[in-house]
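Read off the chains here:
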Amino acid sequence: MFAIVMAGGSGTRLWPLSRRRSPKQLLALTGETSLLQQTVARVGAILKPQDIYVITSQAHVRATVEQLPGIPEENIFGEPLARSTAVAAGLATVFARRESDEVALVLPADHFVSDEEQFTEALQEAARTAERGYLVTLGVKPTQPATGYGYIKVGERLHDAVPTALVERFVEKPDADEAARMLAEGEYLWNAGIFVWRVYAYRQAMEAFQPKLAEALDQIAALHRTPGWLSDVRAVLEDVPAIAIDTGIAEQAAAAGRMAVVPLDVGWSDIGSWSALLEALSEKEGTSLVASGQHLDRGSERVLVHGGDRLIVTVGLNDVIIVDTPDALLVCARDRAEEIKPVLDEIAEKAGERYL
């Protein structure tokens, strides 16, 4: 068994802390170590360092190597061209040269988990299910009718003794009414984007549902790894569209009865926005006001303050996000934190690329 940690995200919704040069997976947002380091430590509970691989952008290979001194440097891959998660997972598998009957754990580098032990047990259950030939995903038990996540409709259980079940279908991010309906039904899980499968099972799925990607990976596997060979990899990937595991592989596999889901109840968050970070840290720390840096408050609730040496004082605020960095300050309503991403184009146009 081995793990592929996908660390190519940009984390634009966590601006101004997450930037092009320091994306969110490299930041210590939920503790003393970065989200990437926490993810690697999580899988390190069941795998040896030589069995853990990380695929990131070429621009962040050096920083990734520096953050993970326990992982062999040759296990950290620079993706020459970003083409979304299905391509990244396939490319990392080709680079790693693992056996076709091995089980691969494929997970993002930027998630938060509060119950590490339960998460490990869920991964092991997923691995056992993958050994039977299924493509397996981990589905998070929803705590609210969130509209920022995709959902998984849970089908028939594979065995009465465990909650692992077939995936009936995947549901794209719903509106508020649809999310509330699914939560009330109780048969839906959040799609965490964590997958487990045998190498050959993923290969078969690519051949069936994304044959162009399978062909491209065959071409890359046949390349000689001489100096500069990644430029040849890039040339092959130029003709491959961006393909996400969820929509490009998992949805079709579910329709074919080949997709299973392991329920996950571990205090999970994808830390996709400042609002999500506030929620995760509030639960972890048992308080509705979460602050770092020099901060004083009087009577504020449901507020996140991320600062540094400069003193920040808050008085009587509710549902506010404040993020202070040396060159940019963000102040926004908590329920509008998702709007940061589209604002970045305006920032680039009016303030300059240096702020990105």
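The preceding data block contains the structure.
All of these numbers come straight from a predicted model, not from anything done at the bench.

### Some details on the overall build of the chain
Here comes step 1: Within the chain one finds eleven helices and 17 strands.
Here comes step 2: Whereas a compact globule of 356 residues would reach a radius of gyration of roughly 21 Å, the chain reaches 21 Å, a difference of no more than 12%.
Here comes step 3: Dimensions of the chain, computed from the C-alpha atoms along their principal axes, are close to 60 × 55 × 35 Å.
Here comes step 4: Relative to its full complement of 356 residues, the chain shows a buried share of 52%.
Here comes step 5: Surface exposure of the chain reaches about 16,300 Å², of which carbon and sulfur atoms provide 48%.
Here comes step 6: A distance of 2 Å separates the average location of the 34 positive side-chain charges in the chain from that of its 51 negative side-chain charges.

### Description of unusual backbone geometry
Here comes step 1: Residue Pro16 is bonded to the preceding Trp15 through a cis peptide linkage, with omega at 10°.
Here comes step 2: Within the secondary structure layout, Pro16 lies in the loop between strand E1 (2-7) and helix H1 (35-44).
Here comes step 3: Non-glycine residue Ile271 carries a positive phi angle of around 45°.
Here comes step 4: Tracing the sequence through the fold places Ile271 in the loop between strand E11 (268-269) and helix H10 (274-285).
Here comes step 5: Relative accessible area serves as the criterion here: at 0%, Ile271 is assigned to the buried category.

### Comments concerning the packing of aromatic side chains
Here comes step 1: Under the criterion given, the structure shown has nine aromatic pairs.
Here comes step 2: Measuring from ring centre to ring centre gives 5.9 Å for Phe195 and Trp197, while their planes differ by 25°; the resulting arrangement is stacked.
Here comes step 3: Judged by relative accessible area, Phe195 falls into the buried class, the value being 1%.
Here comes step 4: By relative accessible area, which is 2% here, Trp197 ends up buried.
Here comes step 5: A centroid spacing of 4.0 Å and a plane angle of 0° characterise the contact between Trp197 and Tyr202, whose relative ring orientation is stacked.
Here comes step 6: By relative accessible area, Tyr202 is classed as buried at 2%.
Here comes step 7: Taken together, the aromatic side chains of Phe2, Tyr53, Phe77, Phe95 and Trp229 make up a single cluster linked through ring pairs.
Here comes step 8: Against the face of Phe119 rests Arg42, its NZ or CZ located 5.8 Å from the ring centre.

### A word on the nonpolar core
Here comes step 1: In terms of nonpolar packing, the biggest core is built from 48 residues, with Val106, Trp197, Ile220 and Met259 touching the most fellow members.
Here comes step 2: With nine residues, helix H3 (residues 84-96) is the largest single contributor of residues to this core.
Here comes step 3: Discounting chain neighbours no more than four positions away, the residues touching Trp197 are Ala89, Glu102, Val103, Ala104, Val106, Ala130, Tyr134, Leu135, Tyr202 and Ile245.
Here comes step 4: Ile71, Ile76, Leu138 and Leu264 belong to the second largest nonpolar core, which has 46 residues in total.

### Section: the packing of helix H7 (residues 211-221) against helix H8 (residues 229-237)
Here comes step 1: Relative to each other, H7 and H8 sit at 165°, their axes nearing to 10 Å. One way to sum up the angle between H7 and H8 is to call them roughly antiparallel. Note that H7 runs across H8; the crossing there is right-handed. When H7 is examined against H8, the residues Ala216, Gln219 and Ile220 are found in contact with a partner set consisting of Trp229, Val233, Val236 and Leu237.

### A closer look at the environment of Ile249
Here comes step 1: By the element assignment, Ile249 lies in helix H9 (residues 245-255).
Here comes step 2: Sequence separation between Ile249 and Thr325 is 76 residues; the distance between their C-alpha atoms is 40 Å.
Here comes step 3: Discounting residues that sit within four places of it in the chain, Ile249 has contacts with Ala86, Leu135, Tyr202, Ala205, Met206, Phe209, Gln210 and Ala244.

### Considerations on the sheet that holds strand E14 (residues 301-306)
Here comes step 1: With mixed pairing, the four strands of this open sheet are ordered in space as E12-E14-E16-E17. Among the strands making up the open sheet, the edge pair consists of strand E12 (289-292) and strand E17 (329-333). Within the sheet, the average angular offset between the axes of one strand and its neighbour, ignoring direction, is 10°.

### Overview of the packing of helix H6 (residues 199-209) against H7
Here comes step 1: Where H6 contacts H7, the two axes come as close as 5 Å, and the packing angle between them is 125°. The angle between H6 and H7 places the two elements in the oblique class. Residues Arg203, Met206, Glu207, Ala208 and Phe209 of H6 form the contact with H7, whose own contacting residues are Pro211, Leu213, Ala214, Leu217 and Asp218.
Here comes step 2: Partitioned by chemical class, the residues of the contact of H6 with H7 number seven nonpolar, no polar and three charged.

What counts, and at which threshold
Numbering of residues starts from 1 in every chain and runs along the sequence as written. pLDDT decides what is reported in this predicted model: residues at 70 or higher carry local features, side-chain atom pairs at 80 or more are listed and counted, and totals for whole chains, interfaces and linings draw on all residues regardless. Excluded from the side-chain calculations are hydrogens and water; all other atoms, namely the structure's heavy atoms, are used. Helix and strand definitions here come from DSSP, where helices need a minimum of 4 consecutive H or I residues and strands a minimum of 2 consecutive E residues; each element is numbered from the N-terminal end. In this setup the radius of gyration rests on C-alpha atoms only. A globule is expected at 2.2 Å times the number of residues raised to 0.38. Relative accessibility decides the category of a residue: with a 1.4 Å probe and only protein chains considered, values under 20% of the type maximum give buried, values over 50% give exposed, and everything between is partly exposed. Accessible surface area values rest on a Shrake-Rupley calculation with a 1.4 Å probe, where residue burial reflects the displayed protein chains alone. For the purpose of counting charges, residues Lys and Arg are taken to be positive, whereas Asp and Glu are taken to be negative. His and the chain ends are not included. Where a charge lies is defined by one atom per residue type, namely NZ (Lys), CZ (Arg), CG (Asp) and CD (Glu). Note on ring pairs: Phe, Tyr and Trp rings are taken, using the six-membered ring of Trp, and paired if centres are within 6.5 Å. Classes follow the plane angle, with under 30 degrees stacked, over 60 edge-to-face and the rest tilted. Only Lys NZ and Arg CZ are tested; either one counts as a charge over a ring when it is within 6 Å of the ring centre and within 35 degrees of the ring normal. What we call a nonpolar core is a set of buried Ala, Val, Leu, Ile, Met, Phe, Trp, Tyr and Cys residues that are connected through their side-chain atoms within 4.5 Å. In this analysis, two residues are considered to be in contact whenever any of their non-hydrogen atoms come within 4.5 Å of each other. In this analysis, axes come from line fits to C-alpha atoms, helices being fitted only over the stretch in contact, and the angle between any two N-to-C directions falls in the range 0 to 180 degrees. Oblique is the label for any angle not covered by the other classes, which are roughly parallel (under 35 degrees), roughly antiparallel (over 145) and roughly perpendicular (65 to 115). Each crossing is labelled by how the near helix is turned from the far one, with a counterclockwise turn of less than a right angle marking it left-handed and a clockwise turn marking it right-handed. At least two bridges found by DSSP between two strands is the condition for calling them paired. Residue polarity is assigned by list, with Asp, Glu, Lys and Arg as charged and Ala, Val, Leu, Ile, Met, Phe, Trp, Tyr, Cys and Pro as nonpolar; anything else, Gly included, falls into the polar class.

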